[in-house]
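Now for the letters of each chain:
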Amino acid sequence: MITKEAAAAAPAPARTAPAPPRQSKKRPAWDEVPRWQIYLPLGIYLVFTLIPFYWILLFSLRPAGSTSLVPWPMTTAHFEKVWTDRAFGTFFENSVYVGVATLVMTTLVALAGGYALARFDFKIKRAFMLGLLCSQFVPGALLLVPLFEIFAGLQMINSLGSVIIAETVFQLPLSIILISNFIKNVPYSLEEAAWVDGCGRFRAFRIVVLPLLRPGLIAVGSFAFVHSWNHFLFALMFLNNQSKQTIPVGLNSLMSADSVDLGALAAGGIVAAVPVVIVFAFIQKWLITGFSAGAVKG
């Protein structure tokens, strides 16, 4: 039998050292990533993006029948052909008219609808918002026949007004949602302070809220302009007279079943792309700010 004295005199069992904690692998910070891993994918993407643009520019500037990969000697014959012989000057004016009118109408209606959704509560508000979202899943091609019947009854076929109305209606759901979310980010107390100072609701909105909506309005307006500028189906369906057609329909007229004038088609593509590129070059900062702010849930 082991006595208490013997148990106390016995050496204590050796303790094993605890295992060191497992260190998780840290993901490299952005500054620690080698630059070639960033620039190489971006460079490949840029090459694949710019090659089609260079190809269009090449066909539009080199003489007909040339197979050179460099547009030399350069010629403007293709641009002169599409602008005068193919009536692209008229197509350009019609596209500008449709784009600007769609921009103005979409912005005004979306501003009124977005303010109502952001500042007022009514019974069918959720159902109305759901209807706006669901309408984005309906392709415009499915509604061409009923729209044609409606505009024919209103005697608006072969009128730019039919295209403007159709483009505006199809741009409104997304535009209203964006403007509504943007207005929700404006503190309601700013309007209340203006009311206390003697302003009515409309004047308070015009003085206090509207200046803060500039990025959102620019985003909505530019999106509506670019979509109406590039849209093909409505102009093809509702416009029969060549003097009323827009640039997308004009580009389609350059292609026939027997032959395609690649030089004229490329020149027409350049004419169609330049205004859109200029618009995005000037508003890109406002566009990104507007869409990011409008996407935030208020």
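Residues numbered from 1 in each chain as written. Predicted model: local features only at pLDDT ≥ 70, side-chain atom pairs only at ≥ 80, totals over all residues. Heavy atoms only, no water.

## What to know about the nonpolar core
No. 1: Among the nonpolar cores identified, the biggest contains 19 residues, and Leu111, Ile176, Ile179, Ile183, Phe205 and Leu213 are the most heavily contacted of them.
No. 2: Per-element accounting of this core gives the leading share, 7 residues, to helix α7 (residues 160-184).
No. 3: Aside from chain neighbours lying at most four places away, what touches Leu213 is Leu111, Phe182, Ile183, Val186 and Phe205. (Core = buried A, V, L, I, M, F, W, Y, C linked by side-chain atoms within 4.5 Å. Buried < 20%, exposed > 50% of the residue type's maximum accessible area, 1.4 Å probe, protein only. Helix = DSSP H or I, 4+ residues; strand = E, 2+ residues; numbered from the N terminus. Contact = heavy atoms within 4.5 Å.)

## Focus on the pattern of salt bridges
No. 1: On inspection of all chains with the given rule, the structure shows 2 salt bridges.
No. 2: Between Arg119 and Glu191 there is a salt bridge whose closest N-O contact spans 2.6 Å. Of the two residues, Arg119 is situated in helix α4 (residues 88-119) and Glu191 in helix α8 (residues 188-196); the sequence distance between them amounts to 72 residues. An identical accessibility class is assigned to Arg119 and Glu191; each is buried. (Salt bridge = Lys/Arg side-chain N within 4 Å of Asp/Glu carboxyl O.)

## Side note on the packing of α4 against helix α10 (residues 214-230)
No. 1: Relative orientation of the contacting elements α4 and α10 amounts to 145 degrees, with a least axis distance of 8 Å. In this structure, α4 crosses over α10, and the sense of that crossing is right-handed. In this structure, α4 contributes Phe92, Ser95, Val96, Val98, Gly99, Val100, Thr102, Leu103, Thr106, Thr107 and Leu111 to the contact, and α10 contributes Leu217, Val220, Gly221, Ala224, Phe225, Ser228 and Trp229.
No. 2: Residue composition of the contact of α4 with α10, by class: 11 nonpolar, 7 polar and no charged. (Axes fitted to C-alpha atoms, helices over the stretch in contact; angles between N-to-C directions. Left-handed = near helix turned anticlockwise from the far one by under 90°. Nonpolar A, V, L, I, M, F, W, Y, C, P; charged D, E, K, R; others polar.)

## Remarks on the side chain of Ser175
No. 1: Residue position: Ser175 is located in helix α7.
No. 2: Among residues more than four places away in sequence, those in contact with Ser175 are Thr106, Ala110 and Val220.

## Observations regarding the environment of Phe59
No. 1: Relative to the elements of secondary structure, Phe59 occurs in helix α2 (residues 35-61).
No. 2: When the C-alpha positions of Phe59 and Gly263 are compared, they lie 5.1 Å apart, and in sequence the two are 204 residues distant.
No. 3: When residues no more than four places from it in sequence are discounted, the contact partners of Phe59 are His78, Leu262, Gly263 and Ala266.

## Quick notes on a nonpolar patch on the surface
No. 1: A cluster of nonpolar side chains, Trp36, Leu40, Ile44, Val47, Phe48 and Ile51, forms an exposed patch at the surface whose accessible area comes to about 660 Å².
No. 2: Within the element layout of this structure, Phe48 appears in helix α2.
No. 3: Among the residues examined, Phe48 registers a relative accessible area of 61% and is labelled exposed. (Patch = residues over 30% accessible without salt bridge, like charges linked within 9 Å, V, L, I, M, F, W, Y side chains within 5 Å. Areas by Shrake-Rupley, 256 points an atom, 1.4 Å probe, with all protein chains shown as cover.)

## Brief notes about unusual backbone geometry
No. 1: At Gln155, a residue that is not glycine, the phi angle is positive and equals roughly 60 degrees.
No. 2: Relative to the helices and strands, Gln155 is located in the loop between α6 (144-153) and α7.
No. 3: Since its relative accessible area comes to 72%, Gln155 is described here as exposed.
No. 4: With a phi close to 65 degrees, Asn158 is a non-glycine residue in the positive phi region.
No. 5: Its place among the elements puts Asn158 in the loop between α6 and α7.
No. 6: When its relative accessible area of 25% is taken as the criterion, Asn158 is described as partly exposed.

## Some thoughts on the packing of aromatic side chains
No. 1: Inspection of every chain in the model, using the stated rule, returns 11 aromatic pairs.
No. 2: For the pair Trp83 and Phe92, a centre-to-centre distance of 5.8 Å together with 50 degrees between the ring planes defines the contact as tilted.
No. 3: Classification of Trp83 by relative accessible area gives partly exposed; the value is 40%.
No. 4: Where Tyr115 meets Phe120, the ring centres are 6.1 Å apart and the plane angle is 75 degrees; that geometry is what we call edge-to-face.
No. 5: The class of Tyr115 is buried, set by a relative accessible area of 9%. (Phe/Tyr/Trp six-rings, centres within 6.5 Å; stacked < 30°, edge-to-face > 60°.)

## A word on α10
Residues three or four positions apart in an α-helix share a direction because the helix packs 3.6 residues into each turn.
No. 1: Counted at 1.5 Å a residue, the expected span for α10 with its 17 residues is 24 Å, and the 24 Å between its end C-alpha atoms agrees.
No. 2: For α10, the tally of buried residues reaches 12 of 17 residues, placing the bulk of the element in the interior.
No. 3: Taken residue by residue, α10 has Pro215, Gly216, Leu217, Ala219, Val220, Gly221, Ser222, Ala224, Phe225, Val226, Ser228 and Trp229 as its buried positions. (Expected span 1.5 Å × (residues − 1).)

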